[in-house]
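Structural characterization, general
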Amino acid sequence: MWNDRQLPGTDTAYRKRALRSSSCLFALLVFAALACGGCQTPLPPLPNPPGPKTTVRLFPGDTIKVSYSDESVPDQTQKIRRDGKVSLPLIGQVTAAGKKPIDFQNELVSLYEGQLENNEVLVTLENGLATVTVSGFANKPATYSFDRPTTVYQAIMEAGGVSDYGSPSNIHLTRIINGEQRTELINLRPTIRGEPTKPKYVQDGDVIYISRSLF
């Protein structure tokens, strides 16, 4: 029989080779699993991203002042709510976000026509700050206030940058849009390397989460 004619130690050597092959295969599978764990499906960009010229338009979180020529109505200083609206005397809730101050001013003049004896108003942007929370694996995670326009990269740098355990290629930008939380996945590694990239700008109420690096 073949089993009787095998050389001594042949079966042991075969088992060792099989064990080594199995170990290599297992290690390869583990490495592939770790690699794939860091390859997340890119999330779609957030709609209507703020740009470098957003200071000329009103955004949620901005503080505006509405000055009335009619002395029967006191001047109003209000922060634009996250739904983009402010509440003004006689006319109630009005959407201000997304409009230039002069356009919003003209809209108010029309809305106050017939409501006031003198319907002239003046709209000014008092404060255009964006309050952003930087969390996760940042060196100084905290809530910061920035003058617009400020990029996600600048906000993270203000928080001390990505820590040694953080992943600059796995950053989540979460924003409330129409009452829903929406998240975009951002890779800042090319920016850190100095490659030309299209900047992402923060908006009031944004949360930036830096994920842990797998390697």
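How each quantity is defined
Residues numbered from 1 in each chain as written. Predicted model: local features only at pLDDT ≥ 70, side-chain atom pairs only at ≥ 80, totals over all residues. Heavy atoms only, no water. Helix = DSSP H or I, 4+ residues; strand = E, 2+ residues; numbered from the N terminus. Buried < 20%, exposed > 50% of the residue type's maximum accessible area, 1.4 Å probe, protein only. Contact = heavy atoms within 4.5 Å. Areas by Shrake-Rupley, 256 points an atom, 1.4 Å probe, with all protein chains shown as cover. Salt bridge = Lys/Arg side-chain N within 4 Å of Asp/Glu carboxyl O. Pairing = 2+ DSSP bridges. Axes fitted to C-alpha atoms, helices over the stretch in contact; angles between N-to-C directions. Phe/Tyr/Trp six-rings, centres within 6.5 Å; stacked < 30°, edge-to-face > 60°. pLDDT = per-residue confidence, 0-100.

1. So, the overall build of the chain
The number of helices and strands found in the chain is five helices and ten strands. Burial statistics for the chain: of 215 residues in total, 34% are counted as buried. A fraction of 55% describes how many contacts in the chain between residues 6 or more apart in sequence connect residues 24 or more apart. By element, 53% of the accessible surface of the chain is carried by carbon and sulfur atoms, the whole surface being about 13500 Å².

2. Thoughts on the pattern of salt bridges
For the structure on display, the rule yields four salt bridges. As a salt-bridge pair, K99 and E107 come within 2.6 Å of each other at their nearest N and O atoms. For E107, a relative accessible area of 28% corresponds to the partly exposed category. For the salt bridge of D206 with R175, the shortest nitrogen-to-oxygen distance reads 2.7 Å. Here D206, found in the loop between helix 5 (189-192) and strand 10 (207-212), pairs with R175, found in strand 8 (residues 166-177); they are 31 residues apart in sequence, far enough to count as distant. Accessibility assignment for this pair places D206 and R175 in one class, buried.

3. Some points on the sheet that holds strand 2 (residues 76-79)
The strands that make up a sheet are held in pairs by hydrogen bonds between backbone atoms, and each pair lies either parallel or antiparallel. As summarised here, the arrangement of the three strands in space is 2-1-5, forming an open sheet in which the pairing is antiparallel. Each edge of the open sheet carries a strand with a single partner, namely strand 2 and strand 5 (121-127). Strand after strand, the sheet turns through a mean of 20 degrees between neighbouring axes, direction not considered. Bridging between strand 1 (residues 63-68) and strand 5 involves six bridges; their strand directions are antiparallel. Paired with I64 across the bridge in strand 5 is L125.

4. Here's the deal with the sheet that holds strand 6 (residues 129-136)
One open sheet holds the five strands; their spatial order is 7-6-10-8-9, and the pairing between them is mixed. Two strands lie at the open edges of the sheet, namely strand 7 (142-147) and strand 9 (180-186), each paired on one side alone. The sheet shows a mean angle of 25 degrees between the axes of neighbouring strands, direction not considered. The sheet contact formed by strand 6 and strand 7 spans six bridges and is antiparallel.

5. Quick look at the packing of aromatic side chains
Under the defined criterion, the tally for this structure stands at two aromatic pairs. Consider the rings of Y68 and Y112, whose centres lie 5.3 Å apart with planes at 85 degrees: the pair is edge-to-face. Linking Y68 in strand 1 with Y112 in the loop between helix 3 (101-111) and strand 5, this pair joins segments that are 44 residues apart in sequence.

6. Digging into the confidence of the model for the chain
Here the chain shows a mean pLDDT of 83. Residues at 70 or above account for 74%. Within the chain, the lowest mean pLDDT, 48, falls on helix 1 (residues 2-5), and the highest, 98, falls on strand 10. The model gives residues 30-38 a pLDDT under 50, and that stretch makes five contacts with residues more than four places away or in other chains.

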